[in-house]
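# Overview (structure and organization)
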Amino acid sequence: MDTIDALIMGLVQGLSEYLPISSSGHLEICREVLGLKLSGGDALEFTVALHVATVLSTIVVLWREFAGLCTSFFTLKRDENTTYVWKILLSCIPVAIVGLFFKDDVEQFFGDGLTIVGICLLVTAFLLAFAYFYPRRRSNLTLAGSVKEHDITWFDAFVIGCAQAVAVLPGLSRSGSTIATGMILGDRRDRLAQFSFFMVIIPILGEALLDVKKMIESGSTGSEIGWLPMLVGFLAAFIVGCLACKWMINLVKKGKLVWFAIYCAVMGVVCLVW
């Protein structure tokens, strides 16, 4: 992988991490189109590095909210922010279980063609479309003609966390799965995107720390990817991620995710045909 390849993949990651189109799936597509041959471990390592970049962009864009959550939680305040953090921690349990016990199985799906990516993109398309039409159908069935959205409950947080755990597969959008699940549950759209972006911080940073620990123990990078391409990809993902994060929050508030369902469906078919 050269710096141009890393730049392209960093740009794709920064944009697709926040949009409900699957960043891991699009990174697999880029690898296939660019002809990059990486082992499952190397592919996942580079993917994690790019995800760390977008996690940092989340913290930068939502710094005021993030600082408030950290202040309340670490000073043991009994307020809404502390409760919010506990809900985020609850949502991380399913993906932590997957990471601890099924990581090797997940790695097999990376760098192994586009069949799985295509299937998962079609699943993402169905989920986004269902999340768009189901609340409207449910509203038409009520006497009032509308269903009031509510704050994210403890049960909702856990179910959304399960959606995040399943979305470790390439092509199954993490943001799309979590936000769509929250919309189906009737959660407030103006809080869903923020919750979805915050809940991925702990798993991604935890995965990054484990990778660093492995590299230190092995005494080498353990990867075919050089430090310069890794750095270029990281910076590209971070900068584009800052822009995409703000854009996605506005899109979720407006509820206009059905267009991404169409895009994922088209790309899913393209991947299967490829």
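Refer to the structure above for everything that follows.
Reading the values: rules and limits
- Residues numbered from 1 in each chain as written.
- Predicted model: local features only at pLDDT ≥ 70, side-chain atom pairs only at ≥ 80, totals over all residues.
- Heavy atoms only, no water.
- Helix = DSSP H or I, 4+ residues; strand = E, 2+ residues; numbered from the N terminus.
- Buried < 20%, exposed > 50% of the residue type's maximum accessible area, 1.4 Å probe, protein only.
- Contact = heavy atoms within 4.5 Å.
- Expected span 1.5 Å × (residues − 1).
- Bend = angle between axes of the 7 residues up to and from the residue.
- Axes fitted to C-alpha atoms, helices over the stretch in contact; angles between N-to-C directions.
- Parallel < 35°, antiparallel > 145°, perpendicular 65-115°, else oblique.
- Left-handed = near helix turned anticlockwise from the far one by under 90°.
- Nonpolar A, V, L, I, M, F, W, Y, C, P; charged D, E, K, R; others polar.
- Core = buried A, V, L, I, M, F, W, Y, C linked by side-chain atoms within 4.5 Å.
- Phe/Tyr/Trp six-rings, centres within 6.5 Å; stacked < 30°, edge-to-face > 60°.
- Lys NZ or Arg CZ within 6 Å of the ring centre and 35° of its normal.

## Quick notes on the overall build of the protein
On a plain count of helices and strands, the protein comes out with 13 helices and zero strands. Put simply, the protein runs from its N terminus to its C terminus through helices and strands in the order α-α-α-α-α-α-α-α-α-α-α-α-α. Among the 274 residues that make up the protein, the fraction classed as buried is 50%. Sequence separation of at least 24 residues holds for 83% of the intrachain contacts in the protein that already meet a minimum separation of 6.

## Some details on helix α10 (residues 189-198)
Burial of α10 is extensive: seven of the 10 residues sit out of reach of the surface. Residues of α10 that are buried include every one of Leu192, Ala193, Gln194, Phe195, Ser196, Phe197 and Phe198, and no others.

## Quick look at helix α12 (residues 227-254)
In this model α12 runs 40 Å from its N-terminal to its C-terminal C-alpha over 28 residues, within 8% of the 40 Å that 1.5 Å per residue would give. At Gly241, α12 shows its largest kink, close to 30°.

## Topic: the packing of helix α5 (residues 80-101) against α10
Interaxial distance between α5 and α10 falls to 10 Å at its minimum, and their mutual angle equals 60°. By the angle class used here, α5 and α10 are oblique. The interaxial crossing formed by α5 with α10 has right-handed handedness. Across the interface between the two elements, Tyr84, Lys87, Ile88 and Ser91 of α5 pack against Arg191, Gln194, Phe195 and Phe198 of α10. The class makeup of the residues in the contact of α5 with α10 is four nonpolar, two polar and two charged.

## A closer look at the nonpolar core
Ile88, Phe195, Phe198 and Met248 are the most contacted members of the largest nonpolar core, which has 51 residues in total. The element that contributes the greatest number of residues to this core is α12, accounting for six residues. Not counting chain neighbours up to four residues away, the residues in contact with Met248 comprise Tyr18, Leu19, Pro20, Ile179, Phe197 and Leu257. Within the second largest apolar cluster, 12 residues are counted, among which are Phe46, Ala49, Leu50 and Met230.

## What about the packing of aromatic side chains?
For the structure on display, the rule yields eight aromatic pairs. Look at Phe66 and Phe198: their rings are 6.2 Å apart centre to centre, the planes differ by 35°, and that puts the pair in the tilted class. With a gap of 132 residues between them, Phe66 in helix α4 (residues 63-74) and Phe198 in helix α10 connect regions that are remote in the sequence. For the pair Phe66 and Phe198, one class covers both residues: buried. With a centroid separation of 5.6 Å and an interplanar angle of 85°, the aromatic rings of Tyr84 and Phe195 are classed as edge-to-face. In this pair, Tyr84 sits in helix α5 while Phe195 sits in helix α10, placing the two residues 111 residues apart along the sequence. Classification of Phe195 by relative accessible area gives buried; the value is 1%. One residue, Lys87, lies across the ring of Trp154, its end atom 5.8 Å from the ring centre.

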